[in-house]
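# Geometric and topological summary
If you want the building blocks of each chain, they are given just below.
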Amino acid sequence: MQKRWIILMVLFFARTTMAFQFQSVAALSPLITESLAITLVDIGLLIGLYLGPGIIVAVLGESMAAWFGDRRTVIFSLLLMLGGSLLVVQASGFNGLIAGRVISGIGGVIVNVVMTKMVIDWFAGHRIATAMAVFLGSWPMGIALALVVLPYLAGVGGLELAWIGLIVVNTIAVFQ
C-alpha cells in the first residue's frame, strides 16, 4: 500500500514539471519579447502550441503506452519535454521557440494522459478520489511555482538563469 503513495508523489512531481514548463513562457514573457523581439501575440501562440496538438497526441500517447508500457512511455515523454526545453533555450528566433514548444507539448500531453491512467490503475478501489485530488493538484502547483521561481531567477541572473532552472526541473523529472 505504501508503494502506491510513493508512486503518486513521483507522478505528482512529473506533472508539476509539466505545468511548470507550460507556464514558463508566460512567466518569462517580458524577457522573451525583449530578447527575441517578438510580440505578445507570438507569446500567446507559443503558449497555445504547448497543448495545441493535444487531441492527436493524446490518442497516440495512449497507443504508445499500450504498446511499450506506461513507464517507458512516460520516460520517453519526459525526454521529449526536456528536449523541447533545450530547443527553447537555444532558440535564436521564433521558429526555434515554436519547435521547442511543440516538442515539449507533445511530451507533456502524453505524460498527462498516461500518468492519469497510471493513477487510476494504481488506486482503483483504494482511495481513488483522494489520489486523483492529489494528482490534479499538481497542475496549479506547477503553474504557481513557475510564476514565482522563474521571474525570480530571471531577476537574479537574466533569462539564461531562468532557462537553466527550467532545464534542471525537467532533468530531475526524467531521472526521478
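The structure this text deals with has already been given above.
Presented here is a report on the structure given in the accompanying data block. (Residues numbered from 1 in each chain as written. Predicted model: local features only at pLDDT ≥ 70, side-chain atom pairs only at ≥ 80, totals over all residues. Heavy atoms only, no water.)

Take the pattern of salt bridges next. If charged atoms from side chains of opposite charge come close, those side chains can pair. Scanning the entire structure with this criterion turns up 2 salt bridges. Lys117 is the partner of Asp70 in a salt bridge, and the nearest nitrogen-oxygen pair spans 2.9 Å. Pair noted here: Asp70 is in helix H5 (residues 70-90) and Lys117 is in helix H6 (residues 94-123), with a separation of 47 residues, a long-range link. Residue Lys117 is classed as partly exposed on the basis of its relative accessible area, which comes to 26%. Because the salt bridges share partners, they merge into one network encompassing Asp70, Lys117 and Asp121. (Salt bridge = Lys/Arg side-chain N within 4 Å of Asp/Glu carboxyl O. Helix = DSSP H or I, 4+ residues; strand = E, 2+ residues; numbered from the N terminus. Buried < 20%, exposed > 50% of the residue type's maximum accessible area, 1.4 Å probe, protein only.)

Bringing helix H7 (residues 128-136) into the picture now. The set of residues buried in H7 consists of Ala131, Met132 and Phe135. Buried positions in H7, seen along its axis, are confined to an arc of 95° and lie on one side of it. Away from the buried face of H7 by more than 90 degrees, exposed residues Ala129 and Ala133 are located. Where the residues of H7 are buried, they touch helix H1 (2-27), H6 and helix H8 (138-175). (Arc of directions from axis to C-beta. Contact = heavy atoms within 4.5 Å.)

Let us look at the environment of Gly108. Structurally, Gly108 can be placed in helix H6. Overall, the relative accessible area of 0% leaves Gly108 in the buried class. Spatially, the C-alpha atoms of Gly108 and Ala144 are 17 Å apart, while their sequence positions differ by 36 residues. Apart from residues lying up to four places away in sequence, Gly108 is in contact with Met18, Tyr50 and Met81.

Below, the discussion takes up the packing of H5 against H6. Look at H5 against H6: their axes get within 7 Å of each other, and the N-to-C directions meet at 155°. Between H5 and H6, the crossing angle belongs to the class labelled roughly antiparallel. Where H5 crosses over H6, the handedness of that crossing is left-handed. Here the residues of the contact of H5 with H6 sort into 15 nonpolar, 9 polar and 4 charged. (Axes fitted to C-alpha atoms, helices over the stretch in contact; angles between N-to-C directions. Parallel < 35°, antiparallel > 145°, perpendicular 65-115°, else oblique. Left-handed = near helix turned anticlockwise from the far one by under 90°. Nonpolar A, V, L, I, M, F, W, Y, C, P; charged D, E, K, R; others polar.)

Before going further, it helps to examine unusual backbone geometry. A negative phi holds for most residues other than glycine; trans holds for most peptide bonds. In this structure, Ala37 takes a positive phi of about 50° despite not being glycine. In this fold, Ala37 is placed in the loop between helix H2 (29-36) and helix H3 (40-51). By relative accessible area, Ala37 is classed as exposed at 69%.

For H2, the set of buried residues is Ser29, Ile32 and Thr33. What you see down the axis of H2 is that its buried residues fit within an arc of 95°, all on one side. In H2, the exposed positions that point more than 90 degrees away from the buried face belong to Pro30 and Glu34. Structurally, H2 contributes buried residues whose contacts are with H1, H3, H6 and H8.

What follows deals with the packing of aromatic side chains. Applying the stated criterion to the full structure yields 4 aromatic pairs. Consider the rings of Trp5 and Phe123, whose centres lie 4.8 Å apart with planes at 65°: the pair is edge-to-face. With a gap of 118 residues between them, Trp5 in helix H1 and Phe123 in helix H6 connect regions that are remote in the sequence. An angle of 80° between the planes, with centres 6.5 Å apart, marks the rings of Trp67 and Phe68 as edge-to-face. The exposure class of Trp67 is exposed, given its relative accessible area of 69%. Residue Phe68 is classed as partly exposed on the basis of its relative accessible area, which comes to 45%. Here the aromatic residues Phe22, Tyr50 and Trp139 are joined through ring pairs into a cluster of three or more. Over the face of the ring belonging to Phe123 we find Arg4, whose NZ or CZ atom lies 5.9 Å from the ring centre. A cation sits over an aromatic face here: Arg15 above Phe135, 5.0 Å from the ring centre. (Phe/Tyr/Trp six-rings, centres within 6.5 Å; stacked < 30°, edge-to-face > 60°. Lys NZ or Arg CZ within 6 Å of the ring centre and 35° of its normal.)

So far we have only geometry, and geometry alone does not tell us how the molecule works.
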